[in-house]
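Read off the chains here:
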Amino acid sequence: MDGDFRTEFTRSPAGLKHRPALVLNADYRPLSYYPLSLWPWQEAIKAKWLDRVDIVAEYDDYVHSPSMQIKIPSVVVLKDYVKPQKRVAFTRFNLFLRDEFRCQYCGARGDLTFDHVVPRAAGGVTSWQNVVAACSPCNLKKGSKALHHTGFHLRKPPRQPQAEELRNMGRRFPPNHLHESWMDFLYWDAELQA
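Residues numbered from 1 in each chain as written. Predicted model: local features only at pLDDT ≥ 70, side-chain atom pairs only at ≥ 80, totals over all residues. Heavy atoms only, no water.

### Brief notes about the pairing of strand E1 (residues 21-24)
For a regular strand, side-chain orientation follows a simple rule: the groups alternate between the two sheet faces. Neither face of E1 is exposed, since Ala-21 and Val-23 on one face and Leu-22 and Leu-24 on the opposite face are all buried. Inspection of the sheet shows E1 paired to strand E2 (residues 38-39) by two bridges, in the antiparallel sense. In the strand pairing of E2, Ala-21 is matched with Trp-39. (Buried < 20%, exposed > 50% of the residue type's maximum accessible area, 1.4 Å probe, protein only. Helix = DSSP H or I, 4+ residues; strand = E, 2+ residues; numbered from the N terminus. Pairing = 2+ DSSP bridges.)

### Focus on the pairing of strand E6 (residues 131-135)
Along E6, five of the five residues are buried, which leaves the element largely enclosed by surrounding structure. Of the pairings in the sheet, the one linking strand E5 (residues 112-116) to E6 comprises five bridges and is antiparallel in character. Across the sheet, residue His-116 finds its bridge partner in E6, namely Val-131.

### Focus on the layout of surface pockets
Of the volumes computed, that of the largest pocket is approximately 610 Å³. In terms of lining, the largest pocket is formed by 27 residues, of which the most central are Leu-31, Ser-32, Pro-84, Gln-85 and Arg-167. Residues belonging to the lining of the largest pocket are distributed by class as follows: 13 nonpolar, six polar and eight charged. (1 Å grid on protein atoms, 1.4 Å probe; cavity = no way out; pocket = protein on both sides within 12 Å on 5 of 7 lines; lining within 4 Å. Points joined across faces, edges and corners; volume = space filled by probe spheres on them. Nonpolar A, V, L, I, M, F, W, Y, C, P; charged D, E, K, R; others polar.)

### Side note on unusual backbone geometry
Phi at Asp-51 is positive, roughly 60 degrees, even though this residue is not glycine. Mapped onto the elements, Asp-51 comes out in the loop between helix H1 (41-49) and strand E3 (53-64). Classification of Asp-51 as partly exposed rests on a relative accessible area of 46%. Here Phe-101, not a glycine, exhibits a phi torsion of approximately 55 degrees, which is positive. Turning to its location among the elements, Phe-101 is positioned in the loop between helix H2 (92-98) and E5.

### As for H1
Residues Trp-41, Ala-44, Ile-45 and Ala-47 constitute the buried set of H1. Taken end-on, H1 shows its buried residues confined to a sector of 160 degrees, consistent with a single buried face. Elements that come into contact with the buried residues of H1 comprise E1, E2, E3 and strand E4 (69-78). Downstream of H1 by a residue or two, Asp-51 has a phi angle that is positive, lying close to 60 degrees. (Arc of directions from axis to C-beta. Contact = heavy atoms within 4.5 Å.)

Below, the structure written as structure tokens:
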């Protein structure tokens, strides 16, 4: 037989793998905005089965077991409140989010890496106050030189962000796909503008 014969007898629910559930905290706010707190549909159904979440909205699609049919959840809310972290982890992702995914020297987007403002060779440390997002060309051009020797200027001084500040920054970068059932829960806690 050509190929794997078992694949003929299994049906791959390809359409279902793209049915994530938005996960809300017990206060009906997303656990995180960027990246948006999403679970695969299987995890959402498992959490409901274990009575850890309530289903707030559903897709029109169903999954079937031998004895039941279940609508796929599109929004779930945790029954127990998860306290947001106050300390922001120093990660590449959070650094890029703080710097709005822009090179802090030229403002370019894409092809980002990070750069030590005071080079490590000159005693600079890897910290929020000394590391910025930089595009590869600027990073190569600066190398291990001091900032004043390169002619570069920082768009904004590097500093440690607050957790709430990063959550608010994340709202400005929505994911590629937002299901209409999520809209009522994503931005209702944002301050209204007059």
